[in-house]
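Structure at a glance
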Amino acid sequence: MKTDWRERRHRWDIRYAPYAYIAPYFLLFAVFGLFPLLYTAWVSMQDRNLLDGDAATFIGLDNYVELLTADPHFWNAMGNTLSLWLFTTVPQILFALGVAQLLNRRLRGRTFFRMGVLLPNITSVAAVTIIFAQLFGRDFGMINWVLGLFDLGKIDWQAGTGSSHTAIAAMVVWRWTGYHALIFLASMQAIPTSVYEAARLDGASGWQQFWRITVPMLRPQIIFSTVIATAGNMRLLAEPLLFGAGGETGGSDRQFQTAALYLYEQGFKQFDFGYASAVAWLLVIATVVITGLSYLAARRIRTD
Amino acid sequence: MRRTGTMVGVGLLAASLLAGCGGDSADGKTRITIGMFGNFGYQQLFEEYEKAHPEIDITDRTASYSDHHKNLAAHLATNNGAADIEAVDVGYINQFKANPGQFTELSSDIKDRWLDWKWEGSLSKDGKQIGYGTDIGGLAICYRRDLFEAAGLPSDRDQVSALWPTWEQFMATGKQFAAKAPAGAKFFDGGPTVLNAIVGQAPTGYYNKEDKIVVGDNADIRKGWNLVSQGVADGLSAGLLHSTPQWNTGFKQGQFATLACPAWMMAKIKDQAPDTKGKWDLAAVPGGGGNWGGSYLTVPKQGKNVDKAVALATWLTAPEQQAKVFANAGLLPSAPKLYGEQSVAMKQDEFFNNAPVGKVFTDAARALKPQYQGPKAGDVQTAMGNAMLRVEQGKQSPDESWQQFVADVEE
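Our subject in this report is the structure included herewith. (Residues numbered from 1 in each chain as written. Chains lettered and ligands numbered in written order. Predicted model: local features only at pLDDT ≥ 70, side-chain atom pairs only at ≥ 80, totals over all residues. Heavy atoms only, no water.)

Some points on the overall build of chain A
Of regular secondary structure, chain A possesses 14 helices and two strands. The globule rule puts the C-alpha radius of gyration for 304 residues at 19 Å, and the 24 Å found for chain A is more than 25% above it. Within the span of chain A, comprising 304 residues, buried residues form 42% of the whole. In chain A, 68% of the contacts between residues at least 6 apart in sequence involve partners at least 24 apart. With the model as given, the accessible surface of chain A reaches about 16,900 Å², and the carbon-plus-sulfur share is 66%. (Helix = DSSP H or I, 4+ residues; strand = E, 2+ residues; numbered from the N terminus. Rg over C-alpha atoms; globule rule 2.2 N^0.38 Å. Buried < 20%, exposed > 50% of the residue type's maximum accessible area, 1.4 Å probe, protein only. Contact = heavy atoms within 4.5 Å. Areas by Shrake-Rupley, 256 points an atom, 1.4 Å probe, with all protein chains shown as cover.)

Structure (structure tokens):
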């Protein structure tokens, strides 16, 4: 009987120990992730002032109904978030592939450049926005100055929908391209050189090698990057907030108000905590859906 | 006081969340933290107070206008992280006084220090005082002497004041200015600023006394809206939204010749464009009187040193200290006792070509008819600024934009 007991303990050990090892993460997630998520769900079903939790009343799904059926500002913010998602995610991945490809070559001071691409990512958003505000200023911005040199007139970047989205997307892409490039670079180096040698023997050009070998081989990393970029974009707050000089309406006509910014406005300007929580939950759902869609899209990269 | 530092933004938000803890400092002193936005002119006063109270160590933190108030809301909501003393602007005081339970009730014994309407502005519906008044706005027009001269207009302040007894005449002067103005210089900074000044003069603002938004039926505001829209159409506006980085640059570049000036605005001009010293001057505001901005000091209940914080807030807002703030930062006192004092009434400002700021603003304060501010006056003001900006950006006609604005705020 004794050996039997030991045997069983050994089996348990093999079976359950890994769970114990990863438990700390899930404990932390439960405290800092799951609990806030559920609490937000509870608050989202209340009519609740930010400063007066005691006076909150339970109203079921009313907040959601109002958001989905009677709040054009919410839909406008969702539209802007989607537009910025397209404007940021696709160029980010494409640029990152290009940068990674360049960094993968034998060049002088390789480490310097490889570290360099990460610099934009560790710069604070506030600093980035100040610099980009100088670039995209209406009267004294650098881009308009250059346009002026060619008599092309000037663009009021904040006023238009397309122009403001372009400016904000430029900040995001600039900031995150290097991060994704390093991820791509790491896995590019894992691709066996024999594959490229064989392709060269078959007469494949550099371009063909890139699209037919490198990109398909990077599929898992591209999927990862797309998911990360999508999730990040869905909670885009600081860039549009600071681009609009601290105004949470995102421009005079909410032309660049993202969903996260709308949440911020509802919660911390209007003090409508219940309503803001409902926005947060809809944002969670939208993030899951859109991340899923971009996962499916990125999975279509051919691997043959 | 309404001084949006703007771009400082999110970094400060994070920093102040971390810096929230009050309590005792290492050397056994009691640390009193005070949260502010913009320049309250308190630095010398802090030193003075620390000298008189060696056991107190004052730590101040400053964020931009909107960050400061949003941080305060978050700290009150989570019952954690607020400073011992928190400044609140008139644009936000109504939202906070709706929940007086978050704040220490301040003594009414010294009520007589303040203008009646200033006192009542921070009084909750059930009669609790949550904040002692600091400054009030008052109104004047700051103008650029050099640009006026270049455009062939008089530059002497009395003559300039005589140009515009009414806002209609102000706009007419603007057209004269535009006809001969130096390249790149417009008459006023932006429609929203001028409109704020006009709204500040109306007997009724955005709300009626029952806290209902009545902006759609307010003939005074509509009249001002039409007048300013016409000014924009006539090319008098530099199209800048106040308190944005572009607006700050506008000072340095001389993009506009006039600016609606509550007293605190002058400190802002000095901060933004020190090189323009002597080029500015101060004239009377069209329509006489008016108010824009002004702040209160509150003591959140969650603080660890509430009694000492109340003592400091009381001292900082006492008439003697308000007089010092007026002397060194030009913020108009809310203590009427000072308006008769020579040191205040005779104050001149070198930066503004020795303009008699004391006389101009104390006159304005005396003539001021207080306007009732509803719960979300600050939000309505933002929405109106955005509405005017849409007109300036050519996105909507004045009528369309007005209708959208009214629909947005009255929904």
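After that view, the rundown keeps rolling.
Observations regarding the overall build of chain B
Scanning chain B from terminus to terminus reveals 18 helices and eleven strands. Here the C-alpha radius of gyration of chain B, 21 Å, is about what a compact globule of 411 residues would show, namely 22 Å. With the C-alpha coordinates aligned to their principal axes, the bounding extent of chain B is approximately 65 × 45 × 40 Å. Relative to its full complement of 411 residues, chain B shows a buried share of 59%. A sequence separation of at least 24 residues applies to 76% of the contacts in chain B between residues at least 6 apart.

Considering the packing of helix H2 (residues 43-52) of chain B against helix H14 (residues 319-329) of chain B
All names here are of chain B. Between H2 and H14, the shortest axis-to-axis distance is 10 Å and the interhelical angle comes to 140°. Classified by the angle between their axes, H2 and H14 sit oblique to one another. On H14, the residues touching Gln44, Leu45 and Glu48 of H2 are Gln321, Lys324, Val325 and Asn328. When grouped by side-chain class, the residues that make up the contact of H2 with H14 number two nonpolar, three polar and two charged. (Axes fitted to C-alpha atoms, helices over the stretch in contact; angles between N-to-C directions. Parallel < 35°, antiparallel > 145°, perpendicular 65-115°, else oblique. Nonpolar A, V, L, I, M, F, W, Y, C, P; charged D, E, K, R; others polar.)

Things to note about the nonpolar core
The biggest cluster of nonpolar side chains holds 121 residues, and the ones touching the most others in it are B:Tyr42 and B:Phe96. Residue contributions to this core peak at six residues, all from helix H17 (residues 377-392) of chain B. A domain-level breakdown of this core finds at least three residues from each of domain 1 (30-136 + 293-338) and domain 2 (140-290 + 349-410) of chain B. Grouped together as the second largest cluster of nonpolar side chains are 17 residues, A:Phe74, A:Met78, A:Trp85 and A:Ile290 included. (Core = buried A, V, L, I, M, F, W, Y, C linked by side-chain atoms within 4.5 Å. Domains from an automatic or database assignment.)

Topic: the side chain of A:Arg48
Residue and element names in this part refer to chain A. Inspection of the secondary structure puts Arg48 in strand E1 (residues 46-49). Of the side chains with opposite charge, Asp54 lies nearest to the buried Arg48, which makes no salt bridge, at 6.9 Å. Other than its neighbours up to four places away in sequence, Arg48 contacts Tyr39, Val43, Gly53, Ala56, Phe271, Asp272, Phe273 and Gly274. (Lys, Arg positive; Asp, Glu negative; His and termini not counted. Salt bridge = Lys/Arg side-chain N within 4 Å of Asp/Glu carboxyl O.)

Topic: the interface of chain A and chain B
With 32 residues of chain A in contact, the opposing surface of chain B contributes 38 residues. Counting each side, the surface lost to burial between chain A and chain B is near 2,800 Å², with a carbon and sulfur contribution of 54%. Residues B:Asp379 and A:Lys269 are paired through a salt bridge, measuring 3.1 Å at the closest nitrogen-oxygen approach. If you look at where chain A meets chain B, you find 14 residue pairs in polar contact (both at pLDDT 80 or more). Broken down by secondary-structure element, the contributors of at least two residues to the side of chain A that touches chain B are helix H6 (125-135), helix H12 (238-243) and helix H13 (259-269) of chain A. In terms of residue class, the side of chain A that touches chain B is made up of 14 nonpolar, eleven polar and seven charged. (Buried area = accessible area lost by both parts, 1.4 Å probe. Polar contact = N/O pair within 3.5 Å; in protein donor to acceptor, adjacent residues only side chain to side chain.)

Describing the state of the cysteines
In a disulfide, the sulfur atoms of two cysteines are covalently bonded to one another. All names here are of chain B. For the coordinates displayed, the defined rule picks out one disulfide over all chains. The disulfide that involves Cys142 links it to Cys261, with 1.9 Å between the sulfurs. One quick way to see it: the torsion about the S-S bond of Cys142 and Cys261 is about -105°, and its sign makes the bridge left-handed. Placement of Cys142 in strand E6 (residues 140-144) and of Cys261 in strand E8 (residues 256-261) is noted, with a sequence separation of 119 residues between them. The same class applies to Cys142 as to Cys261, namely buried. (Disulfide = S-S within 2.5 Å.)

Overview of the pairing of strand E2 (residues 30-37) of chain B
Residues and elements named next belong to chain B. Burial analysis of E2 places seven of its eight residues in the buried class, which makes it a mostly covered element. Here eight bridges tie E2 to strand E3 (residues 56-63), and the two strands are oriented parallel to one another. Paired with Thr33 across the two strands is Thr59, which belongs to E3. Crossover connection from E2 via H2 to parallel E3: handedness right-handed. As judged from the two bridges shared by E2 and strand E4 (residues 85-89), these two strands associate in the parallel manner. Residue pairing for E4: Ile34 is matched across the bridge by Ile85. (Pairing = 2+ DSSP bridges. Right-handed = clockwise from strand over helix to strand, strands pointing away.)

Regarding a nonpolar patch on the surface
On the surface, a cluster of nonpolar side chains totalling about 1,200 Å² of accessible area is made up of A:Trp12, A:Tyr16, A:Tyr19, A:Tyr21, A:Ile22, A:Tyr25, A:Phe26, A:Phe29, A:Leu34, A:Leu37 and A:Leu38. Turning to its location among the elements, A:Ile22 is positioned in helix H1 (residues 2-43). (Patch = residues over 30% accessible without salt bridge, like charges linked within 9 Å, V, L, I, M, F, W, Y side chains within 5 Å.)

Things to note about the sheet that holds E8(B)
All names here are of chain B. Taken together, four strands build an open sheet; the order of strands is E7-E8-E6-E9 and the sheet is mixed. Of all the strands in the sheet, the pair left with one neighbour each is strand E7 (186-188) and strand E9 (280-283). The sheet shows a mean angle of 20° between the axes of neighbouring strands, direction not considered. Here E6 runs beside E9; their pairing, made up of four bridges, is antiparallel.

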